[in-house]
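Secondary and tertiary structure notes
One-letter residues, chain by chain:
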Amino acid sequence: MYVLVADDSRVMRQIVIRTLRQAGYDWQIVEAADGQEVYDLALSEQPDLILSDWNMPNATGIEALNALRQAGCDIPFGFVTSEGSQEMRDQADAAGALFLIAKPFTAESFREVLEPVLA
Amino acid sequence: MSTALVVVAKDQILAITQDVFAAMIDGGEVLITERAGAAGEFVDPVCAWVDMTVAALGLGARAVVRTETAAAHELTRALLMMDASEFVGPEDLADAFGELANVVGGNVKSLLAAPAVLSLPTVAAHAPELGAGQFLQDLTLDWRGHILVVSLWMLG
């Protein structure tokens, strides 16, 4: 698996990658620091999965998702965000996201969400 | 009207903070607890805050986390799994401590009475002064012998 991990915080990207490994996913990772990079790297790198923060500079995660879908890109997309309200989950779902993992997360919560997606 | 937007109890802030620290910093253990009494003045403070804004109402809330810079260094090392002797640069400190405020604030946002927009975190020695009437709540915490304060303020 080749996975794009996006967060404007380098620390949080490291934590996400570390948690993926703790959950047993030893994937090849490419990193993005804002929504524009998510869009650009998704199209150029064609990852198998995108794990993106919501609130980022330049373009938010949901703006990146909308732009990718408009560009005809259907790479599976999930959010990893500190904002886990029902309103945000509904917005993510309507935009075509497969899941929303709320921060703080654990290796177990990653597995619970990712296993059905990978099946 | 304004205070009805932000009805967040101390116990809720404590639960959020304990979840955040247990998951991100302390390997699942709850090592941050409420501390009795006021924190007093920090000698070398660092603050991180996020704003939650409800544009339609012209209102919002601010969540602020503050501590001593030495404690923020230790938090950064814990988040990045660095050795105790490793140097913490200012960029990593701002990134790590800001992200803590972001995750705490993002969870507080989900408790507000109206959908709000969360800002990116800001980190500085001091948070901007707000009026005493805007103060809503604060919680003094002990984490591995360090004092942290999480406070909540009304905006607008």
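Cut-off values and rules
Residues numbered from 1 in each chain as written. Chains lettered and ligands numbered in written order. Predicted model: local features only at pLDDT ≥ 70, side-chain atom pairs only at ≥ 80, totals over all residues. Heavy atoms only, no water. pLDDT = per-residue confidence, 0-100. Helix = DSSP H or I, 4+ residues; strand = E, 2+ residues; numbered from the N terminus. Buried < 20%, exposed > 50% of the residue type's maximum accessible area, 1.4 Å probe, protein only. Polar contact = N/O pair within 3.5 Å; in protein donor to acceptor, adjacent residues only side chain to side chain. Contact = heavy atoms within 4.5 Å. Salt bridge = Lys/Arg side-chain N within 4 Å of Asp/Glu carboxyl O. Nonpolar A, V, L, I, M, F, W, Y, C, P; charged D, E, K, R; others polar.

Turning our eyes to something else, we now look at the confidence of the model for chain B. In the predicted model, chain B carries a mean pLDDT of 93, and the fraction of residues at 70 or more is 98%. Taken over the whole predicted complex, pTM reads 0.93, whereas the ipTM for its chain interfaces reads 0.90.

A few words on the side chain of Asp51 of chain B. Residue and element names in this part refer to chain B. Looking at the secondary structure, you find Asp51 in strand β2 (residues 45–54). Since its relative accessible area comes to 16%, Asp51 is described here as buried. Within the structure, the side chain of Asp51 is placed 2.6 Å from the side chain of Arg62, a separation counted as a polar contact. Residues contacting Asp51, with those up to four places away along its chain left out, are Ala61, Arg62, Val117, Leu118, Ser119 and Leu155.

Contacts between the two partners involve 21 residues from chain B and, on the opposite side, 22 residues from chain A. Counting across the chain B and chain A interface gives 3 salt bridges. In this structure, the salt-bridge partner of Glu83 of chain A is Lys109 of chain B, at a minimum N-O distance of 2.6 Å. Seen at the junction of chain B and chain A, the total is 11 residue pairs in polar contact (both at pLDDT 80 or more). Of all the secondary structure elements, the ones that give two or more residues to the side of chain B that touches chain A are α2 (10–24), α3 (69–80) and α4 (90–109) of chain B. At 9 residues, α4 of chain B tops the list of elements feeding residues into the side of chain B that touches chain A. In terms of residue class, the side of chain B that touches chain A is made up of 11 nonpolar, 5 polar and 5 charged.

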